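Secondary and tertiary structure notes
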Amino acid sequence: MHLARFPRVFLAHLPTPLEKLDRLSKELGGPEIWIKRDDCTGLSTGGNKTRKLEFLMAEAQAMGADTVMTQGATQSNHARQTAAFAAKLGMACQILLEDRTGSNDANYNTNGNVLLDHLHGATTSKRKGGMDMQAEMEAVAEKLRAEGRKVYVIPGGGSNATGALGYVNCAFETVSQANDRGLVIDHFVTATGSAGTQAGLITGLKAINAGIPLTGIGVRAPREKQEENVYKLALQTAEKLGCPGVVAREDVVADSSYVGEGYGIPRADTLEAIRMFAQLEAILLDPVYSGKGAAGLIDYCRKGKFKKGERVVFLHTGGSAALFGYNAAFADDQKSLAAE
Ligand SMILES: *Cc1c(COP(=O)(O)O)cnc(C)c1O
């Protein structure tokens, strides 16, 4: 398989750094923890969607699109990175935002990623939680097409086989970095939502027979459903890549025990993970994805599922812009400051 055969807009800051987290590793007293910094992909505060968009936006360009359209939750990092990419390429961007949390918080609804969507010149439009967002997008796209626009529709999270190529690329990149420094990776961990990141990673890892197990930490769907979504997309990605059948069902592991009440609602261990990374490593996680992923990582270390002497790589998928939509979740931190 040869990724250069696929059309791509080179825009991300790659390779992203692979760094050792000494203070966090020491605090947990278990395995050596490393971090793959995909929060540093360079596009409008970074994040994992940028790698996917390199391949998706190349398809949009190839079809002569003047408008891209996508959807996500109110504080969608994917929507923000799509808006930024569209601005860079001189395309219009239309975003549908689904109200998945029902929050009335002003910052949640207008700050963080929503502020940046608009700053990049995108048009946003809201939808009630639970609607068929793909159908909503198709309806709006048809209207725009009737007005003469050439619209390229990107699925939520950029998660189709084209977008997943971005994470095949990340798997190759990470293994190559590890090879260059003699780092044997025992486990790879990532937050998993719309499935493209995990599907691309596992396809890439299996395609080069890396022998590195990948654990997804779910942020929304229950385990069985999440694993099915990832597996289905991994099959399509492997097919597209020219190595069909390389991913087996048992290669796909998604642990959804850290979701809590639901998508976009942080738990106490999500907030603890965010504080630990911020205070021990000066790294900003987010309350929707990477905070839950890191809560899983920390719990696995504490429970001895990841053992002393092993090397674990945590993929930082980005999302820190969402912190500014979630300041209410950190009200206690602000109180303790005010009390001094
Ligand atoms: C979208 C997103 C994820 C999940 O990636 P998927 O490819 O949707 O599974 C993880 N972290 C952050 C910060 C994200 O924005």
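In the block above lies the structure referred to throughout.
Below is a summary of the structure that appears in this document.

Rules and cut-offs
- Residues numbered from 1 in each chain as written.
- Predicted model: local features only at pLDDT ≥ 70, side-chain atom pairs only at ≥ 80, totals over all residues.
- Heavy atoms only, no water.
- Pairing = 2+ DSSP bridges.
- Helix = DSSP H or I, 4+ residues; strand = E, 2+ residues; numbered from the N terminus.
- Axes fitted to C-alpha atoms, helices over the stretch in contact; angles between N-to-C directions.
- Near = heavy atom within 4 Å.
- Polar contact = N/O pair within 3.5 Å; in protein donor to acceptor, adjacent residues only side chain to side chain.
- Areas by Shrake-Rupley, 256 points an atom, 1.4 Å probe, with all protein chains shown as cover.
- 1 Å grid on protein atoms, 1.4 Å probe; cavity = no way out; pocket = protein on both sides within 12 Å on 5 of 7 lines; lining within 4 Å.
- Sits in = over half its atoms within 2 Å of the grid points.
- Salt bridge = Lys/Arg side-chain N within 4 Å of Asp/Glu carboxyl O.
- Buried < 20%, exposed > 50% of the residue type's maximum accessible area, 1.4 Å probe, protein only.
- Points joined across faces, edges and corners; volume = space filled by probe spheres on them.
- Nonpolar A, V, L, I, M, F, W, Y, C, P; charged D, E, K, R; others polar.
- Contact = heavy atoms within 4.5 Å.
- Core = buried A, V, L, I, M, F, W, Y, C linked by side-chain atoms within 4.5 Å.

1. Looking at the sheet that holds strand β6 (residues 151-153)
Strand pairing within a sheet occurs via backbone hydrogen bonds; the two strands may be parallel or antiparallel. Read from one edge to the other, the open sheet built from 4 strands follows the order β5-β4-β3-β6, with strand pairing classed as parallel. Each of the sheet's edge strands pairs with one partner strand only, and the pair in question is β5 (123-128) and β6. Strand after strand, the sheet turns through a mean of 25 degrees between neighbouring axes, direction not considered. Relative to strand β4 (residues 92-99), strand β3 (residues 67-73) is paired through 7 bridges, and the arrangement is parallel.

2. As for the site of the ligand
Neighbouring the ligand are 16 residues, the closest being K49, K52, S194, T197 and T317. Interatomic distance of 2.5 Å between a side-chain N/O atom of K52 and an oxygen atom of the ligand. Between an oxygen atom of the ligand and a side-chain N or O atom of N77, the distance comes to 3.0 Å. Within the complex, 98% of the 380 Å² of free accessible area of the ligand lies under protein. Of all the cavities here, the one that holds the ligand is the largest pocket. Elements with a minimum of two residues in the shell around the ligand: α2 (49-62) and α8 (196-207).

3. Some points on the pattern of salt bridges
Applying the stated rule across the entire model yields 19 salt bridges. We note a salt bridge from R51 to D38, for which the minimum N-O separation is 2.7 Å. Taken together, the residues R51 in helix α2 and D38 in the loop between β2 (32-37) and α2 connect sequence positions 13 residues apart. Taken as a pair, R51 and D38 share a single burial class, namely buried. A salt bridge links E142 to R145, with the shortest nitrogen-to-oxygen separation between them at 2.9 Å. Remark: R145 and E142 occur in helix α6 (residues 133-146); sequence separation between them is 3 residues, near one turn of the helix. Overall, E142 belongs to the partly exposed group, its relative accessible area being 46%.

4. Some words on the layout of surface pockets
Space inside the largest pocket adds up to approximately 780 Å³. Residue lining of the largest pocket: 41 residues in total, with G156, G157, G193, S194 and A195 positioned closest to the centre. Residue assignment for the lining of the largest pocket shows that the elements contributing at least two residues are α2, β3, α3 (77-89), α6, β7 (187-192), α8 and α9 (223-241). If one sorts the elements of the lining of the largest pocket by residue count, α9 sits on top with 6 residues. Here the residues of the lining of the largest pocket sort into 10 nonpolar, 23 polar and 8 charged. Broken down by element, the lining of the second largest pocket gets its largest block of residues, 4 residues, from helix α10 (residues 268-281). Partitioning the lining of the second largest pocket into residue classes produces 6 nonpolar, 2 polar and 2 charged.

5. Considering the sheet that holds β7
Spatially, the 6 strands line up as an open sheet ordered β1-β2-β10-β7-β8-β9, and their pairing is mixed. Each edge of the sheet is formed by a strand with only one pairing partner; in this case those strands are β1 (18-20) and β9 (253-255). Across the sheet, the mean angle from the axis of one strand to that of its neighbour is 30 degrees, orientation sign disregarded. In the sheet, β7 pairs with strand β8 (residues 214-218) via 5 bridges, with the strands oriented parallel. Within the sheet, the bridge partner assigned to V189 lies in β8 and is T215. On top of the sheet, α8 reaches β7, β8, β9 and β10 (311-316); it is set at about 155 degrees to β7, its chief contact.

6. Considerations on the nonpolar core
Core analysis: the biggest nonpolar cluster contains 27 residues, and L24, F277, L297 and F314 have the highest contact counts within it. Elements with a minimum of two residues in this core: α1 (22-28), β2, α10, α11 (290-302) and β10. Filtering out sequence-adjacent residues up to four positions away, L297 remains in contact with I33, V189, F277, F306, V312 and F314. With 25 residues, the next largest nonpolar core counts L183, I212, L214 and V313 among its residues.

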